[in-house]
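# Examining the three-dimensional arrangement
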Amino acid sequence: MNPDAILVADPDQCNGCRLCEIACSIQHTGLSRPALSCIQVHNTEEGFFLPVFCQQCADAPCAAVCPKEAISRDAATGAVTIDGDRCVACRMCVYACPYGAMGFDAERRRVFKCDLCGGDPRCVAFCEAGALCFDDAVEIKIRRMNQAAQRLMRGAVPAA
Amino acid sequence: MTLQRSIAFVDLKQRTAAAAAIAPGWQQDFLGGRGVAARLLYSRVCEAPGPALNDSVRILSAGLLTGAAAPADGRARLMEFHPGRGLAAELTGGAFGAEMRWAGFDHLFLLGQAAEPLYIWLCDGKIEIRSAEALFQNRDFDGATAIRRQLADDRIQSIEVTDAAGGEPFLAAACRGSLGLEIKFPRPALDYCKTLINTTACSVHLPVEGPAGRDLARVLADCLGTAPKNDVSSQGLTIGADALVQLLRLNTGWKTAPEQLWEAARRICAVERLFCLRAGIADNDAPGVCSGAAVPPAERPAYYQAQEWTDSGVPSERLLRRLGIDSLRFQEV
């Protein structure tokens, strides 16, 4: 388990298949129910797919706004998690999240968010398109740097 | 995901809509998707009182594993019957099939034609027939975009099913669901699905060789929602029947066997064939829809034999008895 690992999405690779939503909802609720998935694929009229999920912010607005201090960071996984016993479902965190990544289950009257599946996110394992990645932040930076260098070498990025 | 699922029935002439459960036993006998659609078509057209063959019928169907923990995509299959024009079917893009299941329905049955622009709205167990007039005040958008804009929801899935050749103005189906599909054994189902996704090479054993075997495989894939996305001419299945049995057990709790699945495929082929015979549809008017319709004349005798049909292409009484559908037999003249 690596508390410095981060979950990232590459929208260019996402094909909108929504298997990540199915896997996430089955993992957390036992149902195939994307409405309760912690990852949601937002699609635009232009055919652009953006997987939206919790960014596990360092200074998390959801935790800052919580009146019951029910949201904290799990030291082992690095995930920002909700203590269900403390949460009073006021939904301040839903409003505070700048990404719209907090969900509210109206039937069970509880908020929910990505907990990185305890350090092994299921959505990543089911992303056949390779749009999701869960890795050490430094490793991801190096990979992205290499990709950018290759694009430059191919001339895909216009010179400044 | 239990096997207790629903069909949305819409009568476009009467402008009425109703939901009904899929008949008991149909899913074991006809699986889902194409199979239940074929049985539904036969039931509503051939078994209905009065001359029902005068109305067009369109059925949008999701596979039995669509939206579940399975290597199935979210597409739906549209089957169309128009009197005098035969049968047609296509797999539609996007994720309409999965969204329709999350909206509470496995099938949408449309009877007749719309007299004015309409769209059918399926949402969390509800069916509404809505006017589509307002959608086209701004003609810059296609139907799907117009519906999404009007309802301000980018996750709506919709399909235009207008029968342009029949002079129909505009007809679309749109759905949005927040309901859940129960998965019988959630974590093992996910684990097994992952194993299949990671398996690059998979040998698929067909019960018979040649076009009949390919038709049976295609039927299974269309019923379960596991048809490969880019398949145009291959044998239609990329997952073996053993694996399909395991997926069905983990997702639905239904314990079946490969032999039972192949018998279900034969049953569906037989029902499709009987429908075409009853409706007087020639092979050329149902290519790719009615089993065997696309088989070249020279290969038909072998195909009929492999399907256990008579020399003239009628499912034999013995076969129908074995498949438990002898009440549907066609009397040759």
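Coordinates for the structure precede this section.
Rules and cut-offs
- Residues numbered from 1 in each chain as written.
- Chains lettered and ligands numbered in written order.
- Predicted model: local features only at pLDDT ≥ 70, side-chain atom pairs only at ≥ 80, totals over all residues.
- Heavy atoms only, no water.
- Helix = DSSP H or I, 4+ residues; strand = E, 2+ residues; numbered from the N terminus.
- Rg over C-alpha atoms; globule rule 2.2 N^0.38 Å.
- Contact = heavy atoms within 4.5 Å.
- Buried < 20%, exposed > 50% of the residue type's maximum accessible area, 1.4 Å probe, protein only.
- Areas by Shrake-Rupley, 256 points an atom, 1.4 Å probe, with all protein chains shown as cover.
- Buried area = accessible area lost by both parts, 1.4 Å probe.
- Salt bridge = Lys/Arg side-chain N within 4 Å of Asp/Glu carboxyl O.
- Polar contact = N/O pair within 3.5 Å; in protein donor to acceptor, adjacent residues only side chain to side chain.
- Nonpolar A, V, L, I, M, F, W, Y, C, P; charged D, E, K, R; others polar.
- Pairing = 2+ DSSP bridges.
- Axes fitted to C-alpha atoms, helices over the stretch in contact; angles between N-to-C directions.
- Parallel < 35°, antiparallel > 145°, perpendicular 65-115°, else oblique.
- Left-handed = near helix turned anticlockwise from the far one by under 90°.
- Disulfide = S-S within 2.5 Å.
- Phe/Tyr/Trp six-rings, centres within 6.5 Å; stacked < 30°, edge-to-face > 60°.
- Lys NZ or Arg CZ within 6 Å of the ring centre and 35° of its normal.

### Remarks on the overall build of chain A
For chain A, the count of helices and strands is five helices and nine strands. For chain A, the sequential pattern of α-helices and β-strands runs β-α-β-β-β-α-β-β-α-β-β-α-β-α. Against the 2.2 N^0.38 benchmark of 15 Å for 160 residues, chain A shows a C-alpha radius of gyration of 17 Å, consistent with a compact globule. When the backbone C-alpha atoms are referred to their principal axes, chain A occupies close to 55 × 30 × 30 Å. Here the contacts in chain A between residues at least 6 apart in sequence split such that 52% fall between residues at least 24 apart.

### Quick notes on the overall build of chain B
Counting its secondary structure elements, chain B contains ten helices and eleven strands. By the compact-globule yardstick of 20 Å for 333 residues, chain B fits well, its C-alpha radius of gyration being 19 Å. Taken along its principal axes, the extent of the C-alpha atoms in chain B is 55 × 50 × 35 Å. A burial count over chain B gives 57% of its 333 residues as buried. Summed over its atoms, the accessible surface of chain B is roughly 13,600 Å², and 48% of this surface lies on carbon and sulfur atoms.

### Here we look at the interface of chain B and chain A
Of the residues lining the interface, 25 residues belong to chain B; the matching set on chain A comes to 23 residues. With both chains or domains summed, chain B and chain A bury close to 2,200 Å², and 51% of this area falls on carbon and sulfur atoms. Put simply, Arg122(A) and Asp191(B) hold a salt bridge, and the shortest N to O gap is 2.6 Å. There are eleven residue pairs in polar contact (both at pLDDT 80 or more) connecting chain B and chain A. Top element by residues in the side of chain B that touches chain A is helix H5 (residues 186-198) of chain B. It accounts for seven residues. Among the residues making up the side of chain B that touches chain A, the classes are represented as eleven nonpolar, five polar and nine charged. In terms of strand pairing, strand S2 (residues 31-32) of chain A meets strand S11 (residues 181-182) of chain B through two bridges, oriented antiparallel. Across the sheet, residue Ser32(A) finds its bridge partner in S11(B), namely Leu181(B).

### Looking at helix H4 (residues 143-151) of chain B
Inspection of H4(B) places Gly143(B), Thr145(B), Ala146(B), Ile147(B) and Arg148(B) among the buried residues, and these make up the whole buried set. Looking at the buried positions of H4(B), the neighbouring elements they touch are strand S3 (40-43) of chain A together with strand S7 (118-123), strand S9 (157-160) and strand S10 (171-176) of chain B. Two or three places before Ala144(B), at the start of H4(B), stands the capping residue Asp142(B), its side-chain oxygen 3.0 Å from that residue's backbone nitrogen. Phi turns positive one or two residues past the end of H4(B), at Ala152(B), with a value near 50°.

### Looking at the packing of helix H1 (residues 19-29) of chain A against H5(B)
Between H1(A) and H5(B), whose axes approach to 9 Å, the crossing angle comes to 150°. When the axis of H1(A) is compared with that of H5(B), the two are roughly antiparallel. When you trace H1(A) past H5(B), the crossing you get is left-handed. When H1(A) is examined against H5(B), the residues Leu19(A), Ala23(A), Ile26(A) and Gln27(A) are found in contact with a partner set consisting of Pro186(B), Arg187(B), Leu190(B) and Ile197(B).

### Re the packing of helix H2 (residues 33-46) of chain B against helix H8 (residues 258-279) of chain B
Residue and element names in this part refer to chain B. Where H2 meets H8, the axes come as close as 9 Å, and the angle between the chain directions of the two elements is 30°. With respect to H8, the element H2 is oriented roughly parallel. Crossing hand, H2 versus H8: left-handed. Contacts from Arg34, Gly35, Ala38, Arg39, Leu41, Tyr42, Val45 and Cys46 in H2 reach Ile268, Val271, Glu272, Leu274, Phe275 and Arg278 in H8.

### Some points on the state of the cysteines
Covalently bonding the sulfur atom of one cysteine to the sulfur atom of another cysteine gives a disulfide. All names here are of chain A. Within this structure, the stated rule accounts for zero disulfides over all chains. Lacking any disulfide linkage, Cys38 is separated from the closest cysteine sulfur, that of Cys24, by 4.0 Å. For the unlinked cysteine Cys62, the closest cysteine sulfur is that of Cys54, found at 6.0 Å. Owing to a relative accessible area of 7%, Cys62 belongs among the buried residues under this scheme.

### Structural notes on the pattern of salt bridges
Tallying each qualifying case throughout the model produces 30 salt bridges over all chains. A salt bridge links Arg155(B) to Glu21(A); the nearest nitrogen and oxygen atoms lie 3.1 Å apart. Residue Arg155(B) is located in the loop between H4 and S9, and its partner Glu21(A) is located in helix H1; the two belong to separate chains. Here the two residues Arg155(B) and Glu21(A) agree in accessibility, since each one is buried. Measuring nitrogen to oxygen at the nearest pair gives 2.7 Å for the salt bridge that ties Arg75(B) to Asp73(B). If you follow the salt bridges from partner to partner, you end up with Arg18(A), Glu21(A), Glu99(B), Asp153(B), Arg155(B) and Arg176(B) in one network.

### Let's talk about the packing of aromatic side chains
What the rule picks out here adds up to six aromatic pairs over all chains. Measuring from ring centre to ring centre gives 5.3 Å for Phe9(B) and Phe109(B), while their planes differ by 55°; the resulting arrangement is tilted. One end of the pair, Phe9(B), is in strand S1 (residues 6-11); the other, Phe109(B), is in strand S6 (residues 107-111), with 100 residues separating them in the sequence. On the basis of relative accessibility, which here comes to 13%, the residue Phe9(B) falls in the buried class. A relative accessible area of 3% means that Phe109(B) is categorised as buried. When the ring centre of Phe126(A) is taken as origin, the NZ or CZ atom of Lys194(B), which lies over that ring, is 5.7 Å away.

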